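In case you want the letters, here they are:
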Protein chains: 2
Amino acid sequence: MLDNIFLEALAAVIEEGGFDKAALKLNISQSAVSQRIRNFEEQLGRVLVVRATPPEPTEDGRKLIKHLHTIRLMEHDLNDSMGLNPSGEFVTLPVGVNADSLATWFLDALDGFLKEHNVLLDLYVDDENRTHEMLARGEVVGCIGTVSKPVKGCRSDYLATFDYLCLSTPDFYKRWFKDGFNRESVAKAPAAVFNRKDETQSQMLEKLFPGDSVAHPIFYIPSTESFVDIICRELAYGMVPEFQVEEELKSGQLIEVAPQGRVPVSLYWHSWNVETKLLEGLRRELVGYFNKNV
Amino acid sequence: MLDNIFLEALAAVIEEGGFDKAALKLNISQSAVSQRIRNFEEQLGRVLVVRATPPEPTEDGRKLIKHLHTIRLMEHDLNDSMGLNPSGEFVTLPVGVNADSLATWFLDALDGFLKEHNVLLDLYVDDENRTHEMLARGEVVGCIGTVSKPVKGCRSDYLATFDYLCLSTPDFYKRWFKDGFNRESVAKAPAAVFNRKDETQSQMLEKLFPGDSVAHPIFYIPSTESFVDIICRELAYGMVPEFQVEEELKSGQLIEVAPQGRVPVSLYWHSWNVETKLLEGLRRELVGYFNKNV
């Protein structure tokens, strides 16, 4: 059987991003970490870690780390069923999440679950392609995505659909769109876009001006809260999920610039197809949150 | 002389992250973009772009892009001095900033400047090593950092020093630290850490328990606002800049867990050593903000 000590050394080197940091986490010396990895590699006759900065797992290394995550989850169930879970011991679940979800509903949905099960999250905020890749590689146990199609070996569950609205302040609208939201005004007005991978702005323009890409000034601001902030400061207009700005809309601080340009975005929970109570609980919690609240 | 059309095609391919996206930005066909890059490379007898996904500039490509940024800044000054700046035309400045600064004081400091000079920002939020590398490569014109030593060809200006405090709710404190904040309680209590590159937690522990690395449960949460959120939700304790939680401290919602473990962090503005009004204005605005407000 595989030695857990070796598996844990391997996972620590990859997750912490270095042999030195793995040593800190495992409370052993750095040379002991290197020795464990070397022994493990010799035992299996395979290279498991590419010695780069940060170290990268090989294909085989990845399979072993995913195996360790699965064992941890199963062990949690086993202890639980035998009444053995030492209270106060945490399980850490690596999870991918998009910035908008994390800044708004994500923690609210999981608050109770995390407390009840002594779960800590190891959150990765990145674009969807990246978190899907991490899921497929076994680096996260689940992630939030906008496509329904599950990754191989995973399942996907529908969560909710949010409208992204095209918003500005009334004064910004008067200044830039007094003759309407058309090709001419769009070409001149500064738009806020999260980063180069954020497509809601271009999807909105494609919806209103099909087949005709409009070049326009862009303020790139990769922070969910600051994104709304620069719109309120009249530095730009931009696409924001409706539920994030309910107050600003009600008070009239922000108005819809192009009501025809709403872009609906659906969210799905993608997770490993492994039957463990923790993963199943996480899934139920996320799906249930939207059935209750939306 | 170098052809601006070529320079702009090169910069667009790198900044937009693809020949297709560069085509959209420049409002020309993708094959026209490729043609311009090829012509430029033939003219100079150098490879400028590594055709990867996304495309990477070569060392020479980088120098040319930095050159273009400098020309744009100088042209802005020139137009300005001749009263020629077409009103409504934006200049975009690529700038690196850390997540905490962006979420708190950064936009407030620059609000007036951005409006007055029709400047849009192209913000990169990444760890400091990465934004410094971008500065050295000429991919950003300036960045916020915590070290004072300037990058080659750049200058650095002191901005301010903030204390990071170790915080939790009173109930969290009673539950986890009722016998004090010591090695034993720290080993058990869940701590919030931004990501693997965030060192304030380990700096605080090193200060209180020198030479003795304490392994402890960690909740990784790479979002400035959600970071405070999980502390308020009693899912963890963690290190937060004082000015971000003034209200919570005053109301007693959060308390200092380890007053001896405050970690001061100094911020510096690093920018190109080029004499242009815009860069000089940006610098003056950032430095002046803290002389007025702190």
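None of these values were measured; they are calculated from a predicted model.

**Concerning unusual backbone geometry**
Item 1. The omega torsion of the bond from Thr53(A) to Pro54(A) falls at -10 degrees, within 30 degrees of zero and hence cis.
Item 2. Examined against the element boundaries, Pro54(A) turns out to sit in the loop between strand 1 (49-50) and strand 2 (56-57).
Item 3. Its identity is not glycine, yet Glu234(A) carries a phi of approximately 65 degrees, on the positive side.
Item 4. Among the structural elements, Glu234(A) can be located in the loop between helix 11 (224-232) and strand 9 (237-241).
Item 5. Its identity as a non-glycine residue notwithstanding, Asn118(B) has a phi of 50 degrees, on the positive side.

**Thoughts on the interface of chain A and chain B**
Item 1. Taken together, the contact pairs 42 residues of chain A with 42 residues of chain B.
Item 2. Note on chain A versus chain B: buried area summed over both sides is about 3600 Å², and carbon and sulfur give 56% of it.
Item 3. The largest contributions to the chain A side of the interface with chain B come from Leu107(A), Arg196(A) and Arg233(A), which together make up 18% of the buried area.
Item 4. On inspection of chain A and its partner chain B, the count reaches 8 salt bridges.
Item 5. Salt-bridge contacts for Asp122(B) lead to Arg196(A); the nearest nitrogen and oxygen are separated by 2.7 Å.
Item 6. Sorting the residues of the side of chain A that touches chain B by element identifies helix 1 (4-16), helix 2 (19-26), helix 5 (99-103), helix 6 (106-117), strand 4 (119-125), helix 8 (170-176), strand 8 (218-220) and helix 11 of chain A as the ones contributing at least two each.

**Some details on the relation of the copies chain A and chain B**
Item 1. Superposition record for chain A on chain B: RMSD 0.0 Å, screw rotation 180 degrees, translation along axis 0.0 Å. Expressed as a symmetry operation, the mapping of one chain copy onto the other fits a two-fold axis.
Item 2. Counting the interface residues of chain A, we find that 100% of their copies in chain B are interface residues as well, pointing to one common contact surface.

**Focus on the nonpolar core**
Item 1. Counting 146 residues, the largest nonpolar core has Trp105(A), Phe106(A), Phe181(A), Trp105(B), Phe106(B) and Phe181(B) as its most contacted members.
Item 2. Those residues within four positions of Trp105(A) in sequence are excluded, and the remaining contacts are Ile144(A), Leu159(A), Phe162(A), Phe243(A), Leu267(A), Leu286(A), Tyr289(A) and Phe290(A).

**Points about the pattern of salt bridges**
All names here are of chain A.
Item 1. Inspection of the entire model under this criterion finds 45 salt bridges over all chains.
Item 2. For Asp 163, the salt bridge goes to Arg 262, with nearest N and O atoms at 3.4 Å. Placement of the pair is Asp 163 in strand 6 (residues 154-168) and Arg 262 in the loop between strand 10 (255-256) and strand 11 (263-272), with a sequence separation of 99 residues.
Item 3. The class for Asp 163 is partly exposed, based on a relative accessible area of 25%.
Item 4. A cluster of three or more residues bridged by salt bridges with shared partners is formed by Glu 56, Arg 62, Arg 130, Glu 133, Arg 137 and Glu 139.

**A short note on helix 4 (residues 59-81) of chain B**
All names here are of chain B.
Item 1. Taking 1.5 Å as the rise per residue, helix 4 with 23 residues should run 33 Å; its terminal C-alpha atoms sit 33 Å apart, in good agreement.
Item 2. All of the buried residues along helix 4 are Gly 61, Arg 62, Leu 64, Ile 65, Leu 68, His 69, Thr 70, Leu 73, His 76, Asp 77 and Asn 79.
Item 3. Just downstream of helix 4, Gly 83 is the residue with a positive phi angle, here 65 degrees.

**Some remarks on the state of the cysteines**
Item 1. Across all of its chains, the model carries 0 disulfides over all chains by this definition.
Item 2. Not part of a disulfide, Cys166(A) finds its nearest cysteine sulfur in Cys232(A), a span of 14 Å.

**A closer look at the pairing of strand 5 (residues 142-145) of chain B**
Residue and element names in this part refer to chain B.
Item 1. Burial along strand 5 is two-sided: Gly 142 and Ile 144 and Cys 143 and Gly 145, pointing in opposite directions, are all buried.
Item 2. Pairing of strand 3 (residues 91-97) with strand 5, which is carried by 2 bridges, proceeds in the parallel orientation. Within the sheet, the bridge partner assigned to Gly 96 lies in strand 5 and is Cys 143.

**Re the UniProt feature "domain: HTH lysR-type" (unreviewed entry) in chain A**
Item 1. The positions UniProt marks with the feature "domain: HTH lysR-type" (unreviewed entry) are residues 7-58 of chain A.
Item 2. Between the end C-alpha atoms of residues 7-58 of chain A there is a gap of 14 Å, over a span that is 63% helix and 8% strand.

Quick notes on the rules
- Residues numbered from 1 in each chain as written.
- Chains lettered and ligands numbered in written order.
- Predicted model: local features only at pLDDT ≥ 70, side-chain atom pairs only at ≥ 80, totals over all residues.
- Heavy atoms only, no water.
- Helix = DSSP H or I, 4+ residues; strand = E, 2+ residues; numbered from the N terminus.
- Contact = heavy atoms within 4.5 Å.
- Buried area = accessible area lost by both parts, 1.4 Å probe.
- Salt bridge = Lys/Arg side-chain N within 4 Å of Asp/Glu carboxyl O.
- Least-squares fit on C-alpha atoms with pLDDT ≥ 70 in both.
- Core = buried A, V, L, I, M, F, W, Y, C linked by side-chain atoms within 4.5 Å.
- Buried < 20%, exposed > 50% of the residue type's maximum accessible area, 1.4 Å probe, protein only.
- Expected span 1.5 Å × (residues − 1).
- Disulfide = S-S within 2.5 Å.
- Pairing = 2+ DSSP bridges.
- UniProt positions renumbered as here; feature names shortened; annotations may be inferred.

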